[in-house]
Amino acid sequence: MSSPISFIPILTYHQIAPAPPKGSAFRSLCVSPERFKSQMHWLKRLGFQALCMRELMPYVRGERVGRVVGITFDDGYQNNLTHALPVLKALGFTATVYAVSAMASGSNIWDAHLGVAQVPLMSEQELRLWHEQGQEVGSHTEHHVHLTQCSALEAQEEIRRSKSSLEGLIQAPVEQFCYPYGEFNAELASWVQEAGYKAATTTQRSRVGVREGLDLFTLPRVPIVRSTMWPQLLLKLLTAYEDRPRP
Ligand SMILES: [Zn+2]
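Residues numbered from 1 in each chain as written. Predicted model: local features only at pLDDT ≥ 70, side-chain atom pairs only at ≥ 80, totals over all residues. Heavy atoms only, no water.

Glancing now at the nonpolar core. Core analysis: the biggest nonpolar cluster contains 69 residues, and Tyr 13, Phe 36, Met 40, Leu 43, Phe 73 and Trp 130 have the highest contact counts within it. In terms of residues, this core owes the most to one element, helix 3 (residues 78–91), which gives six residues. If you look at the next biggest cluster of nonpolar residues, it comprises six residues, including Val 100, Met 103, Trp 110 and Leu 121. (Core = buried A, V, L, I, M, F, W, Y, C linked by side-chain atoms within 4.5 Å. Buried < 20%, exposed > 50% of the residue type's maximum accessible area, 1.4 Å probe, protein only. Helix = DSSP H or I, 4+ residues; strand = E, 2+ residues; numbered from the N terminus.)

Put into structure tokens, the structure is as follows:
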């Protein structure tokens, strides 16, 4: 494989909210509103333009070069709208929310058996608002399923139906996909492509090394968690910190 011509970090966020009590499950996935704001200002200060996946694609495909970073939010929490949107708008940034299409107005029920605190997901109206405010809605399946454990038909329907129902909702193309739990394989990636998506993200950790023949349907990302402080953010953005092989 050719060596990368550039490296693009795609940041993964979940909730933008104060952390639940110590010891709570998945507490690390809540980045506080203050810290999120400070991180976005760091991006600005460093000269990065933060982009949703749709706007990032020309850079990922190597057609454009620039100091860009992708911003993604998994699951579609309501607190992305309340706490992240004002910050993004103030800085002229865009981001992609990967929504669970059949669960608008619901909660992260798929995590309930792990004792994870239940918090509201955006309603249909809120997803529409997110889109109308210049942000992107992508798909995270219909029901936040383990795609690798679904039958072929179930998996294909989760991939296809979430796209069409979100498109009906926002009246615009939904072209970005994110695998729930980061579970994917070559077959799933091919179905995502056949369904008409332009790219898909995983939870594999790395910046995207832009190169010829890059697989757009298994893009790695850079996780940002509650404890990510700014020096670490800089390492994740500007160095090979995330790109090193992990066991
Ligand atoms: Zn998820």
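Every buried residue of helix 4 (residues 124–132) is listed here: Glu 126, Leu 127 and Trp 130. What you see down the axis of helix 4 is that its buried residues fit within an arc of 100°, all on one side. Facing away from the buried side of helix 4 by more than 90 degrees, the exposed set consists of Gln 125 and Glu 132. (Arc of directions from axis to C-beta.)

Glancing now at the pattern of salt bridges. Applying the stated rule across the entire model yields nine salt bridges. Among the ionic pairs, Arg 61 bridges to Glu 63, the shortest N-O distance being 2.9 Å. Judged by its relative accessible area of 41%, Arg 61 falls in the partly exposed class. Two residues, Arg 161 and Glu 157, come together in a salt bridge whose shortest N-O distance is 2.9 Å. With a gap of four residues between them, Arg 161 and Glu 157 both fall in helix 5 (residues 152–170), about one helical turn apart. Taking the relative accessible area as the measure of exposure, Arg 161 reaches 42% and is therefore partly exposed. The partly exposed category is assigned to Glu 157, whose relative accessible area is 25%. (Salt bridge = Lys/Arg side-chain N within 4 Å of Asp/Glu carboxyl O.)

So, on to helix 3. Between its first and last C-alpha atoms helix 3 spans 20 Å; for 14 residues at 1.5 Å apiece the expected length is 20 Å, and the two agree. Along its length, helix 3 reaches its greatest deviation from straightness, about 45°, at Ala 84, and the proline Pro 86 lies no more than four positions downstream. For helix 3, the set of buried residues is Asn 79, Asn 80, Leu 81, Ala 84, Leu 85, Val 87, Leu 88 and Leu 91. In this structure, the buried residues of helix 3 make contact with strand 3 (15–16), helix 1 (33–45), strand 6 (68–75), strand 7 (96–99) and helix 4. Among the residues trailing helix 3, Gly 92 stands out with phi positive, at a value near 70°. (Expected span 1.5 Å × (residues − 1). Bend = angle between axes of the 7 residues up to and from the residue. Contact = heavy atoms within 4.5 Å.)

Bound to the zinc ion are the protein donor atoms Asp 75 (OD), His 140 (NE2) and His 144 (NE2), situated 2.1 to 2.2 Å from the metal. Between consecutive donor residues of the zinc ion, the sequence gaps follow D-x64-H-x3-H. Linking Asp 75 in strand 6 with His 140 in the loop between strand 8 (136–139) and helix 5, this pair joins segments that are 65 residues apart in sequence. Here Asp 75 and His 140 have matching classes, each one buried. (Donors = N, O, S within 2.8 Å, 3.2 Å for Na, K, Ca; no water.)

One pass over the structure, following the stated rule, counts eight aromatic pairs. Pairing Tyr 13 with Phe 36 gives two aromatic rings, centres 5.1 Å apart and planes at 80°, and the pair type is edge-to-face. Remark: Phe 36 occurs in helix 1 and Tyr 13 occurs in strand 2 (residues 10–13); sequence separation between them is 23 residues. Across the pair, exposure class does not vary: Tyr 13 and Phe 36 are buried alike. Aromatic ring contacts, followed pair by pair, group Tyr 13, Phe 36, Phe 73 and Trp 130 into a single cluster. Over the ring of Trp 42 we find Arg 45; its NZ or CZ atom is 4.6 Å from the centre of that ring. When the ring centre of Tyr 197 is taken as origin, the NZ or CZ atom of Lys 163, which lies over that ring, is 5.7 Å away. (Phe/Tyr/Trp six-rings, centres within 6.5 Å; stacked < 30°, edge-to-face > 60°. Lys NZ or Arg CZ within 6 Å of the ring centre and 35° of its normal.)

This part takes up the state of the cysteines. Here the structure, examined in full by the defined rule, presents zero disulfides. Looking at the unpaired Cys 52, the closest cysteine sulfur is the one in Cys 178, lying at 15 Å. Assessed through its relative accessible area of 0%, Cys 52 is described here as buried. Left unpaired, Cys 150 is separated from the closest cysteine sulfur, that of Cys 178, by 15 Å. (Disulfide = S-S within 2.5 Å.)

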